[in-house]
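Residue-level structure breakdown
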Amino acid sequence: MKRSEINYAVRSAINFFERNGWVLPPNPAWDVTDFGLGIFRKEGLVLVNLAAESEYCEKLMYAWRDQTTPAHYHKQKKEDIICRVGELAVTLWGESPDTVGGQVINVKINGEYRAVSNGEPILLKAGERITITPLLWHAFYPVSAECIIGEVSTANDDENDNFFWDTEIGRFPEIIEDEPPLVKLLSE
Ligand SMILES: O=C(CO)[C@@H](O)[C@H](O)CO
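What counts and how
Residues numbered from 1 in each chain as written. Predicted model: local features only at pLDDT ≥ 70, side-chain atom pairs only at ≥ 80, totals over all residues. Heavy atoms only, no water. UniProt positions renumbered as here; feature names shortened; annotations may be inferred. Phe/Tyr/Trp six-rings, centres within 6.5 Å; stacked < 30°, edge-to-face > 60°. Helix = DSSP H or I, 4+ residues; strand = E, 2+ residues; numbered from the N terminus. Buried < 20%, exposed > 50% of the residue type's maximum accessible area, 1.4 Å probe, protein only. Near = heavy atom within 4 Å. Polar contact = N/O pair within 3.5 Å; in protein donor to acceptor, adjacent residues only side chain to side chain. Areas by Shrake-Rupley, 256 points an atom, 1.4 Å probe, with all protein chains shown as cover. 1 Å grid on protein atoms, 1.4 Å probe; cavity = no way out; pocket = protein on both sides within 12 Å on 5 of 7 lines; lining within 4 Å. Sits in = over half its atoms within 2 Å of the grid points. Nonpolar A, V, L, I, M, F, W, Y, C, P; charged D, E, K, R; others polar.

An unreviewed UniProt entry lists the protein under the name D-lyxose ketol-isomerase, with Parapedobacter pyrenivorans as the source organism. We quote the UniProt Sequence similarities (unreviewed entry) comment for the protein here in full: "Belongs to the D-lyxose ketol-isomerase family."

1. Let's talk about the packing of aromatic side chains
For the structure shown, the criterion picks out 9 aromatic pairs. Both rings, one in Y8 and one in W64, keep their centres 6.0 Å apart while their planes meet at 35 degrees; by these two values the pair is tilted. Taken together, the residues span a long stretch of sequence, with Y8 in helix α1 (residues 3–19) and W64 in strand β3 (residues 56–64) at a distance of 56 residues. Under the relative-accessibility criterion, W64 is labelled buried at 13%. Arranged with centres 4.7 Å apart and planes meeting at 85 degrees, the rings of Y73 and W137 form a pair that is edge-to-face. Remark: W137 occurs in strand β11 (residues 137–142) and Y73 occurs in strand β4 (residues 69–73); sequence separation between them is 64 residues. Each of the two residues, Y73 as well as W137, counts as buried. Here a set of aromatic residues connected by ring pairs shows up, and it is made of Y8, F16, F17, F40, Y62 and W64.

2. Overview of the site of the ligand
Surrounding the ligand, one finds 14 residues, the nearest of these being K59, H74, E151, D158 and R171. At 2.7 Å from an oxygen atom of the ligand is found a side-chain nitrogen or oxygen belonging to K59. Within the side chain of H138, a nitrogen or oxygen atom sits 3.0 Å from an oxygen atom of the ligand. Coverage of the ligand by the protein amounts to 100% of the 290 Å² it exposes when considered alone. In this structure the site holding the ligand corresponds to the largest cavity. Looking at the shell around the ligand, the elements with two or more residues in it are β5 (79–85) and β11. Split into classes, the residues belonging to the shell around the ligand amount to 4 nonpolar, 4 polar and 6 charged.

In structure tokens, the structure reads:
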């Protein structure tokens, strides 16, 4: 992706965080990705790693309406995906992300188990969270124009613990330098 797209996304995220009272730490650990697909507006995510410890991790994320974090699972990480501001759609699949229906998945939403349909988006309003256990396929995208998304998890290892359905995906972007960087990314 182009550096100008990364700069624009970081500026938009900073702006939206500020407007909603989210204060970033000094020297935020920025991670902006198009998942190596080159269609950032369609499949992409802005992340800030707030805490990265060997036992736990916390992230703050930002995305635009319909901008999708594509179907993936983690082998090690268990995570809560939290809608902080806006509205977020999260889709889960029991076996394969090219199916809809046919299976019910028991998942914790706001701390209580609920039966949800395979491949059907679940809408989370601000303050709501979903608990994603290892090996569970998931994807998400905002339904609101902009969205702040939280993630609280066990240890995070983005290099080795993201398994995407689309095998073309690489977790970090290739960057085309078309303007000076506003921030340095975690992957750089
Ligand atoms: O786990 C998630 C979202 O489910 C993010 O922390 C990853 O970085 C996405 O690849």
